[in-house]
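Listed below are the residues making up each chain.
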Amino acid sequence: MRPILLTGAAGFVGHYMIPRLRKAFPDRSLVTVVRDPPALPGGQAVDLTDRERTDQLIRTVKPQIVVHLAAYSSVAKAREKPNAVWRDNRDGTYCVARAINDHVPDATVLFASTGDVYGKNFNAGPASEETMAAPNGPYANSKRASEMVLRQFLPDTARLIVARPFNHTGPGQAETFVVASFANQLVRIKAGLQPPKVTVGNLAAERDFLDVRDVADCYVRLLLAAEALPHRMVVNVARGTAISIAEILERLRRIVDVDVEIEVDQKRLRPNEIPVATASTHKLAQFMEWPPQRDFDETLRDIVADKTEALQQTADAEAAETQALASGGRP
């Protein structure tokens, strides 16, 4: 019973994958990988673009299952730092693939790509796995390149599941992503910490959104079913319906219960943005019950609660520090 190796364990999805992998595979140890120290308990800090360190990691752990989530995942930041995106996404994946080839050629690999690889071909309607890839921008291109790297450098004996997740959100997501950004702004407005104005990008865009917990559940269920799946498989992970960014903002506004003005930030607008991006989920539904039953409004309420709690924790910490300084103590 060789271990499971989870890269990107400190990331948004990785946080949700850890308990799910442990529950689904109780007889296997779980080794988590983060890029920068300190490592998580039972894990290691490894820059996967360092081929020697990555080779040593795979050689030592000898994983039976590799869940490769590690990536530069913010599309907005990717446009600011394209070189870092290519290094972390493509080059890191190359090092992982070569090490698997050399040391665990029978491993099962689940790679988190992105639905963004379909690019301009969304204009023809919902993308199926047979839709030709037409990525735009460094993030989508680096993910498509990573798919190709895995196909070329993994041995034929390795099983490969390429998951193409569409937009996913939930508690714990950073404010660089649209739903978390809206929720954070609205919660701060409700608390009187900023003027009643929400800064937005393109509200007309329509996207396919899932709850991150449903995405993590899906990845685990794919791994549990791996032996029954095609040896090399690409699968969309999406809800199958699109919702406008404007509608998401309105739902969040109603949950927080505030009135706001809208201010468009030109820096948040993307060149050549696709109007509607959604997917066919017929293939995924062949292997599990899909789409997920969690209501998207439940997801939004959980995000608001998460941002409210984080704001309260910050306020409590600042109050404790102020009190300690006032009494002559140290915070």
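Up top is the structure.
1. Points about the environment of Glu 206
Then, number 1: Here Glu 206 is to be found in strand β9 (residues 206-207).
Then, number 2: Assessed through its relative accessible area of 31%, Glu 206 is described here as partly exposed.
Then, number 3: Glu 206 sits 40 residues away from Ala 246 along the chain, and the two C-alpha atoms are 8.6 Å apart.
Then, number 4: Those residues in contact with Glu 206 that lie beyond four places of it in its chain are Ala 242, Ile 243, Ser 244, Pro 275, Val 276 and Ala 277.

2. Focus on the packing of aromatic side chains
Then, number 1: Considering all chains together, one arrives at six aromatic pairs under this definition.
Then, number 2: An angle of 90° between the planes, with centres 6.1 Å apart, marks the rings of Phe 12 and Tyr 16 as edge-to-face. Here Phe 12 and its partner Tyr 16 are both found in helix α1 (residues 12-24), four residues apart, which amounts to about one turn of the helix.
Then, number 3: Given the relative accessible area of 11%, Tyr 16 is considered buried.
Then, number 4: Geometrically, the ring pair formed by Tyr 118 and Phe 122 is edge-to-face, given 5.8 Å between the ring centres and 75° between the ring planes. Here the two residues Tyr 118 and Phe 122 agree in accessibility, since each one is buried.
Then, number 5: A connected cluster of aromatic rings, assembled from ring pairs, spans Tyr 118, Phe 122 and Phe 166.

3. Overview of the environment of Ala 226
Then, number 1: Inspection of the secondary structure puts Ala 226 in the loop between α7 (212-224) and β11 (232-237).
Then, number 2: Taking the relative accessible area as the measure of exposure, Ala 226 reaches 5% and is therefore buried.
Then, number 3: As a C-alpha pair, Ala 226 and Ile 248 span 22 residues in sequence and 35 Å in three-dimensional space.

Rules used in this analysis
- Residues numbered from 1 in each chain as written.
- Predicted model: local features only at pLDDT ≥ 70, side-chain atom pairs only at ≥ 80, totals over all residues.
- Heavy atoms only, no water.
- Helix = DSSP H or I, 4+ residues; strand = E, 2+ residues; numbered from the N terminus.
- Buried < 20%, exposed > 50% of the residue type's maximum accessible area, 1.4 Å probe, protein only.
- Contact = heavy atoms within 4.5 Å.
- Phe/Tyr/Trp six-rings, centres within 6.5 Å; stacked < 30°, edge-to-face > 60°.

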